[in-house]
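If you want the building blocks of each chain, they are given just below.
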Amino acid sequence: VQLQASGGGLVQAGGSLRLSCTASGRTFSSYAMGWFRQAPGKEREFVAAISAGGGSTTYGDSVKGRFTISRDNAKHTVFLQMDSLKPEDTAIYYCAANRVLAMTQRYDYWGQGTLVTVSS
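## Structural notes on the overall build of the protein
Line of reasoning, step 1. Secondary structure assignment for the protein yields zero helices and eleven strands.
Line of reasoning, step 2. Of the regular secondary structure in the protein, the N- to C-terminal order runs β-β-β-β-β-β-β-β-β-β-β.
Line of reasoning, step 3. In terms of C-alpha radius of gyration, the protein reaches 13 Å, essentially the compact-globule figure of 14 Å for 120 residues.
Line of reasoning, step 4. In terms of its C-alpha atoms, the protein occupies a principal-axis envelope of roughly 40 × 25 × 25 Å.
Line of reasoning, step 5. Within the protein, contacts between residues at least 6 apart in sequence are counted, and of these 57% link residues at least 24 apart.
Line of reasoning, step 6. By element, 47% of the accessible surface of the protein is carried by carbon and sulfur atoms, the whole surface being about 6,100 Å².
Line of reasoning, step 7. One way to put it: in the protein the 12 positive side-chain charges average out to a point 6 Å from where the 8 negative ones average out.

This is the structure:
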């Protein structure tokens, strides 16, 4: 599985962005998908994940109520809608694929990352 993340950019605090991650291959619908982020000088952290069928989602505490993960299996794409953005959301955002829904970093496949910068 190859993953390509996009949609990052510069946004003011309080604004919104939607990230997309498109997967190659015909087995996308078999994988849970996750989003992670890594801010400068910090460890990579879990943001959100969605089950293979889309029926279950889970979020990191810092983004609950502001971010929404969704997927379109027909288009092999997972989305991360980010609202009410804060400067501390500034990071490189990575998408990842795994056989099971998980909040750990032990995902099987990773994309290259897309940079999100939130200005104050």
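Back to the write-up after that little detour.
## Digging into the sheet that holds strand β3 (residues 17–23)
Line of reasoning, step 1. Sheet architecture is open: four strands sit in the order β1-β3-β8-β7, paired in antiparallel fashion. One side of each edge strand has no neighbouring strand; the edge strands of this open sheet are β1 (3–6) and β7 (67–72). Pairwise comparison of adjacent strand axes, ignoring direction, gives a mean angle of 15° for this sheet.
Line of reasoning, step 2. Relative to strand β8 (residues 77–82), β7 runs antiparallel, the two being bridged by six bridges. In the sheet register, Arg-71 faces β8, and the bridge partner there is Val-78.

## Comments concerning the state of the cysteines
Covalently bonding the sulfur atom of one cysteine to the sulfur atom of another cysteine gives a disulfide.
Line of reasoning, step 1. Scanning the entire structure with this criterion turns up one disulfide.
Line of reasoning, step 2. Between the sulfur of Cys-21 and that of Cys-95 lies a disulfide, 2.1 Å long from S to S. Where Cys-21 bonds to Cys-95 through sulfur, the torsion about that S-S bond is close to 60°, and the disulfide is right-handed. Of the two residues, Cys-21 is situated in strand β3 and Cys-95 in strand β9 (residues 91–98); the sequence distance between them amounts to 74 residues.

## Section: the nonpolar core
Line of reasoning, step 1. With 29 residues, the main nonpolar core has Met-33, Trp-35, Leu-80, Met-82 and Tyr-93 as its most contacted residues.
Line of reasoning, step 2. At the level of elements, β1, β3, β4 (32–38), β5 (45–50), β7, β8, β9 and β11 (114–119) are the ones that each hand at least two residues to this core.
Line of reasoning, step 3. With residues up to four places along the chain from it excluded, the contact list for Met-33 reads Leu-3, Cys-21, Phe-28, Ala-48, Ala-49, Ile-50, Ile-69, Arg-71, Val-78, Ala-96, Ala-97 and Tyr-107.
Line of reasoning, step 4. Of all hydrophobic cores here, the second largest spans six residues; its members include Phe-36, Phe-46, Ala-49 and Ala-96.

Reading the values: rules and limits
Residues numbered from 1 in each chain as written. Predicted model: local features only at pLDDT ≥ 70, side-chain atom pairs only at ≥ 80, totals over all residues. Heavy atoms only, no water. Helix = DSSP H or I, 4+ residues; strand = E, 2+ residues; numbered from the N terminus. Rg over C-alpha atoms; globule rule 2.2 N^0.38 Å. Contact = heavy atoms within 4.5 Å. Areas by Shrake-Rupley, 256 points an atom, 1.4 Å probe, with all protein chains shown as cover. Lys, Arg positive; Asp, Glu negative; His and termini not counted. Charge placed at Lys NZ, Arg CZ, Asp CG, Glu CD. Pairing = 2+ DSSP bridges. Axes fitted to C-alpha atoms, helices over the stretch in contact; angles between N-to-C directions. Disulfide = S-S within 2.5 Å. Core = buried A, V, L, I, M, F, W, Y, C linked by side-chain atoms within 4.5 Å. Buried < 20%, exposed > 50% of the residue type's maximum accessible area, 1.4 Å probe, protein only.

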